[in-house]
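Chains, contacts and geometry: an overview
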Amino acid sequence: MAHSRSHHHLLLLPAPMATACLLLATLLALCAAPAPTHGARVLMPGGAGAVTKAQQGGTGSGSNATADEYLAPHNQARAAVGVAPLRWNAGLASAAAGTVAQQRRQGGCAFADVGASPYGANQGWASYRARPAEVVALWVAEGRYYTHANNTCAAGRQCGTYTQVVWRNTAEVGCAQASCATGATLTLCLYNPHGNVQGQSPY
C-alpha cells in the first residue's frame with residue numbers, strides 16, 4: 001500500500017546575517033531559502049550520476065570522519081527516544097553526493113526536488129561553511145516542538161526533519177554536502193526506508 005510522506009528543508013544563517021535580514025529589506029533576497037530547482041532529482045545509488053568526493057569539490061561522503069559527523073548526532077537523538085542506531089550506507093551517500101553536486105552546477109546550490117525519491121530526505125542550506133554535525137543538530141533541535149503523546153507538532157512549527165531522524169523503521173542513512181561558490185553549503189541526507197508516513201508515529 002502506498003503511503004504519502006513529506007520531505008523537509010532547513011535554512012541556516014549565522015546570527016549577524018539573520019539579524020541583518022530582519023532589519024534590512026534589501027538583504028531579504030540574499031537570505032531567502034533557495035527554492036528547489038525544477039526537474040532536479042535524487043540520483044539512485046550506483047547510478048551513472050554518482051560522483052566521488054574529489055569530483056564533488058565540497059565536503060564529501062567518502063571519509064569515515066565525515067560519516068561519523070553525520071551518524072553521531074543522528075544516533076544520539078535516536079538513543080534518547082529508545083530507537084536503534086542508523087547504519088551508514090555508502091550507496092545512499094554516493095547518491096546524495098551526486099545530487100548536491102548537480103544542484104551546485106545547475107541550481108546554484110538550491111534545494112533539490114526530492115519529491116519523487118523512494119528515500120526519506122532532509123536538506124539544509126547554510127550561508128556559510130556549515131559542518132555536518134551542525135546541520136544535523138539543527139534538524140534534531142526541531143524535536144522541542146514535537147509532542148509524542150499525540151504525535152503532533154506545535155502550531156506554526158515544523159518537526160519533519162526531527163521525526164525523520166528518529167523514525168524507528170529507518171535503518172540506513174547516507175549524506176553529502178556541496179560547497180558553493182558563494183560560500184554557502186547545501187547538505188542532503190537520504191534515509192532508507194523512508195519515514196514521515198502520514199498517520200504513523202515515528203517511535
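The present account deals with the structure reproduced in this document. Please read all numbers here as calculations on a predicted model, not as lab measurements.

Turning our eyes to something else, we now look at the packing of aromatic side chains. Inspection of every chain in the model, using the stated rule, returns three aromatic pairs. Between Y70 and W88, the aromatic rings sit 5.8 Å apart at their centres with planes inclined by 20 degrees, giving stacked as the arrangement. Taken as a pair, Y70 in helix α4 (residues 64-80) and W88 in strand β2 (residues 87-88) lie far apart in primary sequence, 18 residues in all. Take Y70: its relative accessible area is 0%, and that puts it in the buried class. Residue W88 is classed as partly exposed on the basis of its relative accessible area of 24%. By way of ring pairs, the aromatic residues Y146, Y162 and Y203 are connected into one cluster.

Once that is clear, we can look at the state of the cysteines. For the coordinates displayed, the defined rule picks out three disulfides. In this model, C153 is linked to C159 through a disulfide, with the two sulfur atoms separated by 2.0 Å. Note on the C153 and C159 pair: the S-S dihedral is about 80 degrees, so by sign convention the disulfide is right-handed. Taking the relative accessible area as the measure of exposure, C153 reaches 31% and is therefore partly exposed. Assessed through its relative accessible area of 6%, C159 is described here as buried.

Conventions and cut-offs
- Residues numbered from 1 in each chain as written.
- Predicted model: local features only at pLDDT ≥ 70, side-chain atom pairs only at ≥ 80, totals over all residues.
- Heavy atoms only, no water.
- Phe/Tyr/Trp six-rings, centres within 6.5 Å; stacked < 30°, edge-to-face > 60°.
- Helix = DSSP H or I, 4+ residues; strand = E, 2+ residues; numbered from the N terminus.
- Buried < 20%, exposed > 50% of the residue type's maximum accessible area, 1.4 Å probe, protein only.
- Disulfide = S-S within 2.5 Å.

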